[in-house]
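One-letter residues, chain by chain:
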Amino acid sequence: MDFSDSPEERDVREEIRTWIAANLPEALRGDAGEGEWGQLSSGHERDRAAMATWRERLQSRGFVAPAWPKRYGGAELPVMQQFILKEEMARARAPRFGGVGIGWVAPTLMQFGEDWMKERFIEPILAGRERWCQGFSEPGAGSDLASVQTRAVRDGDDFVVTGQKIWTSGAHISDWMILLARTDPAAPKHKGLSYFLLDMKTPGITLTPIVNMVGNSGFNQVFFENVRVPARNLVGQENRGWYVAATTLDFERSLVDLCLEYQVIVLELIRWAREASTAGLTAETRHALVELLIEIEVARNLSLRVVSMQARGQIPNYEASIVKLFASELEQRMATATFHLGGMLSQLTGRRQSRWEPLMGRLGRFQLHSVAATIGGGTSEVQRNIAATRGLGLPRG
Ligand SMILES: Cc1cc2nc3c(=O)[nH]c(=O)nc-3n(C[C@H](O)[C@H](O)[C@H](O)COP(=O)(O)OP(=O)(O)OC[C@H]3O[C@@H](n4cnc5c(N)ncnc54)[C@H](O)[C@@H]3O)c2cc1C
């Protein structure tokens, strides 16, 4: 198999690279400052004017959501060209716009939403005017998502929602939620769920922030007490929400971009190791860094497998699980390497520009963030189960 670009892809890459170089605002170039590794899009939040300009320029080419159809403001780029665009954006450390709305909600609505939903919700998502969160997990329903207990009971033109969600990323800054709730408790568990669009300003919703190990409160517990959702906000059919949610999760698990960001991180790590080490690098350190680069190349090729399946119109399944599994565990190996490289100081997580705080605390924060990589979006055990049963045809345990 030839992994290099075709002549046409080479031209596209060249064109995109030149376009990014000419259009990425000066303030967003180079070092990501105090931004987090692995979350390049949030690295520049401090410069809102430059971010707005960049968003506008990207949108003039349909590059905010390059996979979307043109009628929704996308670029309809073929899958391979989407990959090239992401690769070039990662290489230039150019922030991207994505998240729950662009990545999962809008594509789900394009497939299952009624016309009024597409008209009402997709444009504000693309323009970044409305943010979304995902209300799926509950204290007793994570890996086994079909066990969701939050109830939605029909009452006239509304459903009345009571229950609790947990780990809801960004709920505190979201305008809307995609909500999975039980509408038929008597049916088998996969067949009694419905999928709703919930306005986060509706009375009866209470949020409690959850502070993570890094000290951020990015996710929340969300409580619902007699929250009224109009019945027209049901996506797909009542009690068929599991199938809509499964589509949303498929969008969530195609983590192709992540491997590209890892490459940027390791190259930055190498640059830092070179500069920070006065006595030169030990053979052990050099080997550890080379090992990571090789693993990133493996991750990239696993991603390319998913991308080439998509390009042929096939739907990746266990192949996407393998990418998620390998990439998230690679992130943790990268975090361990930063610890060995930076020693005790690498654990500091402040954001000061000081020689005592390597890379403005990014090493330390990366180590802490990486712990969640093998949990969020489906745990490693679950991905291994998928690869074993659907990929290898092994019987369930
Ligand atoms: C950073 C982060 C952000 C998140 N954001 C959101 C969000 O925005 N919205 C949302 O709805 N959820 C979110 N989640 C929740 C996430 O989807 C769940 O944490 C995840 O699905 C695991 O579920 P759980 O936490 O209930 O663990 P459990 O499912 O209880 O798993 C506990 C342990 O048991 C293992 N296990 C479970 N079932 C099996 C099995 N069949 N075979 C082998 N081992 C098994 C798991 O691998 C794990 O080690 C987020 C999680 C994280 C970490």
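It should be noted that the structure appears before, not after, this text.
Below you will find a few notes about this structure. (Residues numbered from 1 in each chain as written. Predicted model: local features only at pLDDT ≥ 70, side-chain atom pairs only at ≥ 80, totals over all residues. Heavy atoms only, no water.)

### Side note on the site of the ligand
- Near the ligand, the surroundings consist of 15 residues, among which Ser137, Ser143, Trp167, Thr379 and Glu381 are the closest.
- Thr379 places a polar side-chain atom, nitrogen or oxygen, 2.6 Å from an oxygen atom of the ligand.
- One of the side-chain nitrogen or oxygen atoms of Glu381 is found 2.6 Å away from an oxygen atom of the ligand.
- Relative to its unbound accessible surface of 970 Å², the ligand loses 61% to contact with the protein.
- Elements supplying a minimum of two residues to the shell around the ligand: strand S3 (158-169) and helix H11 (380-391).
- Within the shell around the ligand, the residues separate by chemical class into five nonpolar, nine polar and one charged. (Near = heavy atom within 4 Å. Polar contact = N/O pair within 3.5 Å; in protein donor to acceptor, adjacent residues only side chain to side chain. Areas by Shrake-Rupley, 256 points an atom, 1.4 Å probe, with all protein chains shown as cover. Helix = DSSP H or I, 4+ residues; strand = E, 2+ residues; numbered from the N terminus. Nonpolar A, V, L, I, M, F, W, Y, C, P; charged D, E, K, R; others polar.)

### Comments concerning the pairing of strand S4 (residues 176-182)
- Burial analysis of S4 places seven of its seven residues in the buried class, the great majority of the element.
- Every second residue of S4 is oriented toward a common face, with Trp176, Ile178, Leu180 and Arg182 on one face and Met177, Leu179 and Ala181 on the other, all of them buried.
- With four bridges joining them, strand S1 (residues 132-135) and S4 adopt parallel strand pairing. For Gln134, the partnering residue across the bridge sits in S4 and is Ile178. (Buried < 20%, exposed > 50% of the residue type's maximum accessible area, 1.4 Å probe, protein only. Pairing = 2+ DSSP bridges.)

### Section: the nonpolar core
- Within the largest apolar cluster, 51 residues are counted, with the highest numbers of intra-cluster contacts made by Trp54, Trp68, Trp132 and Leu197.
- Elements supplying a minimum of two residues to this core: helix H1 (7-23), helix H2 (48-60), helix H3 (79-91), helix H4 (99-112), helix H5 (115-127), S4, strand S5 (193-199) and helix H6 (241-253).
- By residue number, the principal contributor to this core is H4, which donates seven residues.
- Here Trp68 is in contact with Gly74, Ala75, Glu76, Ile102, Ala106, Pro107, Met110, Ile122, Ile125 and Leu126, once residues within four sequence places are set aside.
- Core analysis: the next-biggest nonpolar cluster, separate from the first, contains 22 residues, Cys259, Val306, Ala327 and Ala337 among them. (Core = buried A, V, L, I, M, F, W, Y, C linked by side-chain atoms within 4.5 Å. Contact = heavy atoms within 4.5 Å.)

### Brief notes about the side chain of Thr168
- Note that Thr168 resides in strand S3.
- Given a relative accessible area of 1%, Thr168 falls into the buried group.
- Once residues lying within four places of it in the same chain are set aside, the contact partners of Thr168 are Cys133, Gln134, Gly135, Met177, Gly218, Phe219, Asn220 and Val222.

### Details of the packing of aromatic side chains
- Throughout the structure, instances matching the rule amount to nine aromatic pairs.
- Each ring, one from Phe121 and one from Trp132, has its centre 5.4 Å from the other, and the planes form 80°; the classification is edge-to-face. Here the residue Phe121 occupies a position in helix H5, and Trp132 occupies one in strand S1, the gap between them amounting to 11 residues.
- In this structure Phe121 comes out as buried when scored by relative accessible area, which is 1%.
- In this structure, Arg232 packs its charged tip against the face of Trp116, placed 3.8 Å from the ring centre. (Phe/Tyr/Trp six-rings, centres within 6.5 Å; stacked < 30°, edge-to-face > 60°. Lys NZ or Arg CZ within 6 Å of the ring centre and 35° of its normal.)

### Re H4
- Here H4 is 14 residues long and its end C-alpha atoms lie 19 Å apart, about the 20 Å a rise of 1.5 Å per residue gives.
- The sharpest bend along H4 comes to roughly 35°, located at Val105, with the proline Pro107 sitting one to four residues further on.
- Of all the positions in H4, only Val100, Gly101, Ile102, Trp104, Val105, Ala106, Pro107, Thr108, Leu109 and Met110 are classed as buried. (Expected span 1.5 Å × (residues − 1). Bend = angle between axes of the 7 residues up to and from the residue.)

### So, the packing of H1 against H2
- Remark: H1 packs on H2, axes separated minimally by 11 Å, with the N-to-C direction vectors making an angle of 150°. Viewed along their axes, H1 and H2 adopt a mutual orientation that is roughly antiparallel. Of the two possible hands of crossing, H1 and H2 adopt the one that is right-handed. Note on element contacts: H2 touches H1 through Trp54, Arg57 and Leu58, opposite Trp19, Ile20 and Asn23.
- Considering only residue class, the contact of H1 with H2 consists of four nonpolar, one polar and one charged. (Axes fitted to C-alpha atoms, helices over the stretch in contact; angles between N-to-C directions. Parallel < 35°, antiparallel > 145°, perpendicular 65-115°, else oblique. Left-handed = near helix turned anticlockwise from the far one by under 90°.)

### Some words on the pattern of salt bridges
- Under the criterion given, the structure shown has 19 salt bridges.
- Here Glu15 makes a salt bridge to Arg61, at a shortest N to O gap of 3.3 Å. With Glu15 in helix H1 and Arg61 in the loop between H2 and H3, this residue pair connects regions lying 46 residues apart in the sequence.
- When the shortest N-O distance is used, the salt bridge between Asp144 and Lys189 registers 3.0 Å. Here the residue Asp144 occupies a position in the loop between S1 and strand S2 (151-155), and Lys189 occupies one in the loop between S4 and S5, the gap between them amounting to 45 residues. (Salt bridge = Lys/Arg side-chain N within 4 Å of Asp/Glu carboxyl O.)

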